[in-house]
Amino acid sequence: MAFEPVLTSFVREPNSFTLDVALGHGAYEGLRQALTMAPAQVIETVKASGLRGRGGAGFPAGMKWGFVPKDSAKPKYVCCNADESEPGTFKDHVLMERNPHLVLEGCAIACYAIGAKVSYIYIRGEFHHVADVLEGAIADAKARGYLGHNIFGSGLDCDIFVHRGAGAYEAGEESALLESLEGKRAQPRLRPPFPAVVGLYGCPTVINNVETLANVPAIITRGPEWFAALGPDKNGGPKLYCISGHVARPGVYEATMRTTVRQLIDDYAGGIRNGRALKAVIPGGSSTPVMLPDAIDCEASYDGIAKAGSMLGSAAMIVMDDSTCMVWAAANLIHFYRHESCGKCTPCREGADWMLKILLKIERGDGEMRDLDLLQSVANNITGKTLCPFGDAEVAPVLSTLQHFRHEYEAHIRQGRCPLPADWRCSP
Amino acid sequence: MTFHPKMPYDTGLHTSGRRVPEQGEPFAFTPENQARLDEIATRYPPERRRSALLPALYLVQRQQGYISGHAMQYVADAIGVTPAEVEDVVSYYAMFYSQPVGKYVLQVCRTLSCALNGAERVTEALSAKLGIKPGETDSTGMFTLMEVECLGACDRAPVVMVNDDWHECLKPGDAAKLVDDLRAKGPDAVTGCHLCIEKRA
């Protein structure tokens, strides 16, 4: 059975972002049907589909919705996490720019399910042109009665607002997103209480990734059984994969989670370019451990990649060919984490700084063998000691390259220089 | 476990390095920007006006190019928070500038997917062409060069953001030409996002 794209079926059509084109492809039909159901029934349907959060953690979305207290007197909120900052990830960008009404429809259904009247789409500041597209789409939908007051005569009021971030990776973490939305630094909160109970402005809040919400309309129209059957057990539904790095055709590809990592790289993205060989893949954004070529015949699903020793994360595959120095790659990513650490927890803030110093020292050829133990020790003192998963994320590139490519670290130290100074890099 | 004392720490001690914001000229919103802020504030509950802080700072930056000390004071009054709280936010977010910048801010993505495609050499080429290091503004006040972290356009690497627009697939060899094109053609020199197919047609 060939797989028909669900989320990106018409994104290459001209004017696919307009309401008229989207309506021609059945937009807002899921919302119309959801409004004929009871809110609890909508949550049950999403639960039954097994939809897992597409932002990185893979937590079941229906369960998240179910945690919102039904009897709370406070207003409730839905936040759409469009911060998309994980290095290598660019899937939500396509959805918001080319199929924004699907995202809005998902937000509106979530609002109906949990009893919220307002939804905020927190979009990263660098997506300036995408925020404009979303705001245009919201205005069109509101003018034609698909959003706003008394949608389809059902009595549901739902307003959606776009809120631009200003360049902070940490704002993609859900409690830090709420802080940023409240006009503060994007720094995580201590949990519990979880946002479903005490979230935005202290009110119950559901926070879902763009792609998660975009899956909801099809679950309503086509049914949870159809959704679950698309992929392997507990990994149902369509999935967007972002493939970048040394491949012939980098881009966003929609597939089911039955597809293997190797198929995604070779068949979808055209394989490694310039006839070179694959050296390593980061399968789910920079926060996930690297995989070696002999491990990539696994299914690109949450459970499949977990079994292979890494994580699906945000499904951002960064592919590296055999000209890549893995110490340099680790240092590049730690530079990212050092810059983006919000600074709230000492192990993460100071640890990233120390790891970068040690990695740069090794990369330029001044390393000593004991630096490797030091690096490992610093990394092990970060994991599990921070308020949010950033700490665990920043050690993944270091620990996994140390595990799989220790010989490259040792070669730097023995030779006193980088053994693999690829021509696409600068001389230090 | 101890850090060994002989290690040559090239970046010095890790200090907070607060830069005092440039005070600048006295600041007030234009009537259009004030009206825009009033509209934005209605999106949030009335008692949660602080949520409009980031949008307000964007308006300041669009009006005067950066966010001066005077502007922070003005925004603090307009939102109803303290100037320290405004500076706290401005200094945290990478996209807010508390020092004047050039007319074109060239922001080269340096994170892995772009770096694998030659971003380091793009920065090197831009730096040589403009005669400035990343973080500096050239003597004409036309260009500021910056290295930034992942811009979220990894399939079109290397990506450079020029003010609010993307310039995609910039090869190191074409970097100097981008500077010349910006001087000659202005903002039209950038490619924009490849997904804006209607704009490109």
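Residues numbered from 1 in each chain as written. Chains lettered and ligands numbered in written order. Predicted model: local features only at pLDDT ≥ 70, side-chain atom pairs only at ≥ 80, totals over all residues.

Caption draft 1: Seen up close, the domain arrangement of chain B. Segmenting chain B into domains produces domain 1 (1-100) and domain 2 (104-200). Relative to domain 2 of chain B, the C-alpha centre of domain 1 of chain B lies at a distance of 24 Å. (Domains from an automatic or database assignment.)

Caption draft 2: View of the domain arrangement of chain A. Residues and elements named next belong to chain A. Annotation of chain A at the domain level lists domain 1 (19-225), domain 2 (238-321) and domain 3 (326-415). Measuring from the centre of the C-alpha atoms in domain 2 to the corresponding centre in domain 3 gives 23 Å. Residue composition of the side of domain 2 that touches domain 3, by class: 5 nonpolar, 3 polar and no charged. (Nonpolar A, V, L, I, M, F, W, Y, C, P; charged D, E, K, R; others polar.)

Caption draft 3: Quick look at the sheet that holds strand β4 (residues 165-167) of chain B. Residue and element names in this part refer to chain B. As summarised here, the arrangement of the 4 strands in space is β2-β1-β3-β4, forming an open sheet in which the pairing is mixed. Each end of this open sheet is capped by a strand with a single partner; those strands are β2 (143-148) and β4. Along the sheet, successive strands turn relative to each other by an average axial angle of 25 degrees, direction set aside. Together, β1 (104-109), β2 and β3 (160-162) form the strand contacts of helix α6 (residues 119-130), whose direction differs from that of β1 by roughly 150 degrees. (Pairing = 2+ DSSP bridges. Helix = DSSP H or I, 4+ residues; strand = E, 2+ residues; numbered from the N terminus. Axes fitted to C-alpha atoms, helices over the stretch in contact; angles between N-to-C directions. Contact = placed C-beta atoms within 7 Å.)

Caption draft 4: Expanded view of the environment of B:Ile79. Residues and elements named next belong to chain B. Here Ile79 shows up in helix α3 (residues 69-79). Along the backbone, Ile79 and Ala52 are 27 residues apart, and their C-alpha atoms lie at a distance of 7.3 Å. Not counting residues within four places of it along the chain, the set of residues in contact with Ile79 comprises Arg49, Arg50, Ala52, Leu53 and Ala56.

Caption draft 5: A look at helix α14 (residues 346-363) of chain A. Taking 1.5 Å per residue, 18 residues should reach 26 Å; α14(A) reaches 25 Å between its end C-alpha atoms and fits that length. For α14(A), every residue scored as buried is listed here: A:Cys348, A:Gly351, A:Ala352, A:Trp354, A:Met355, A:Leu356, A:Lys357, A:Ile358, A:Leu359, A:Lys361, A:Ile362 and A:Glu363. (Expected span 1.5 Å × (residues − 1). Buried ≥ 20, exposed ≤ 12 C-beta atoms within 10 Å, placed from the backbone.)

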